[in-house]
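Chain by chain, the residues run as shown.
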Amino acid sequence: TQSHGEKREFMSSDRSSEKKDRSKMANDAVKSASMADTDSSKKKRKVQKINLEQAARGIALIAYLAVSIPICLILCITRVLNPYLRRKGYKVVPIDIVQRLWTTGICTVMGVTTRTEGTENLEPGEPMICAFAHGSNLDAFLLDSTCPFPCKFIGKKILFKVPFLGWLGHGLGHIPIDRSNLEKAKRSLADAAVKIQGGKSVAISPEGTRRRDPSIGPDQLLPFKKGPFHLAKSAGVAIVPVVLFGANELWPPGQLFPAPGTVTVRYLPKIDASVTKLDIDDMTSTVREAMLKGLQNPPPRELIKQRSWLNTMVFLSAWGFVIIKLWTYFSTKTIAK
């Protein structure tokens, strides 16, 4: 009986020591993971540290926006000519030119150059939906400045409430969507379908929001929303998947100012909703697979070049010349009166 009791005590002590060892290993693993997270966050903070050139370009961007937005808001009055010009057969109207010049100017001031691939997959005379991967603050500007035809963007309603920028979004004809209210979201998509059927192309991100990291797990994309695919079905138009390389590195979400560099915008072969017999789920997976395949072959790093300060200064000087001329003209008129 005594030997049996000793055995039990020995076995119980072994078990308790094993539990202690396991808890110690678990604590060590948690500590190492937290240290790794701390190191990675420190690295991220180092990467996002703003240098002198970034700050200078950020100030130049603020100055550009302060001057260009009021001018563009005044020029938005040209939208009243759109119905007349479209009846006359014009595919591009003055407001589209204003939008293109404004977004191209933003890229120029920020020192961002673009390379475009796959424009042969686009048909300028045909309305379509550009479904783009969204991982940077730059995406909309880059897409608008490289797309061969004018696009109207579908974005979160809260962005249209930002003073001046939101007003300009309304003035240029972009479409706000309220994702918090299903009925309002459906109405926004119905408005977009009317624009498409009227000959306009739209751009929307199936991810619904920006990715905080360059890649999310093995897929590199957030889960897709179904709205863009319902829109393609109801409007009966093609979806053109678009992927961007380098945009997240230059201006990721959370970073104050963009860094200069080159971004490649790749337009993939279109998926025609009016021809295919795919349902919404199949179309969603087909577009997602196409975008993931397009992301597997990034452009060579040696093609990435920085836009020189000379280009930026020439652009800002041209804007300054226009402003001085306008100021002189209106001042002369006022004095004459």
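Notes on the structure in this doc start here. This one's a predicted model, so the numbers in the text were calculated from it and none came from an experiment.

Cut-offs used in this document
- Residues numbered from 1 in each chain as written.
- Predicted model: local features only at pLDDT ≥ 70, side-chain atom pairs only at ≥ 80, totals over all residues.
- Heavy atoms only, no water.
- Patch = residues over 30% accessible without salt bridge, like charges linked within 9 Å, V, L, I, M, F, W, Y side chains within 5 Å.
- Areas by Shrake-Rupley, 256 points an atom, 1.4 Å probe, with all protein chains shown as cover.
- Salt bridge = Lys/Arg side-chain N within 4 Å of Asp/Glu carboxyl O.
- Helix = DSSP H or I, 4+ residues; strand = E, 2+ residues; numbered from the N terminus.
- Buried < 20%, exposed > 50% of the residue type's maximum accessible area, 1.4 Å probe, protein only.
- 1 Å grid on protein atoms, 1.4 Å probe; cavity = no way out; pocket = protein on both sides within 12 Å on 5 of 7 lines; lining within 4 Å.
- Points joined across faces, edges and corners; volume = space filled by probe spheres on them.
- Nonpolar A, V, L, I, M, F, W, Y, C, P; charged D, E, K, R; others polar.
- Phe/Tyr/Trp six-rings, centres within 6.5 Å; stacked < 30°, edge-to-face > 60°.

1. With respect to a nonpolar patch on the surface
Stage number 1. A cluster of nonpolar side chains, contributed by Ile77, Val80 and Leu81, occupies part of the molecular surface with about 310 Å² of accessible area.
Stage number 2. Turning to its location among the elements, Leu81 is positioned in the loop between helix H2 (52–75) and helix H3 (82–87).
Stage number 3. Leu81 sits in the partly exposed class, given a relative accessible area of 41%.

2. Things to note about the layout of surface pockets
Stage number 1. Taken as a whole, the largest pocket spans an internal volume of roughly 1,400 Å³.
Stage number 2. In terms of lining, the largest pocket is formed by 49 residues, of which the most central are Ile154, Gly155, Lys156, Leu159 and Phe160.
Stage number 3. Of all the elements in the fold, those that place two or more residues in the lining of the largest pocket are H2, helix H4 (94–109), helix H5 (139–146), strand E3 (151–156), helix H6 (165–172), helix H7 (182–197) and helix H8 (227–235).
Stage number 4. Among the elements that line the lining of the largest pocket, the one with the most residues is H7, at six residues.
Stage number 5. Among the residues making up the lining of the largest pocket, the classes are represented as 27 nonpolar, 15 polar and seven charged.

3. Looking at the packing of aromatic side chains
Stage number 1. Summed over all chains, the structure comprises four aromatic pairs.
Stage number 2. Between Trp102 and Phe141, the aromatic rings sit 6.1 Å apart at their centres with planes inclined by 75°, giving edge-to-face as the arrangement. Of this pair, Trp102 sits in helix H4 while Phe141 is found in helix H5, placing the two residues 39 residues apart along the sequence. Taken as a pair, Trp102 and Phe141 share a single burial class, namely buried.
Stage number 3. Measuring from centroid to centroid gives 6.3 Å for Phe224 and Phe229, while their planes differ by 20°, and the two rings are stacked.
Stage number 4. Here Phe224 falls in the buried class, since its relative accessible area comes to 12%.
Stage number 5. In this structure Phe229 comes out as buried when scored by relative accessible area, which is 0%.

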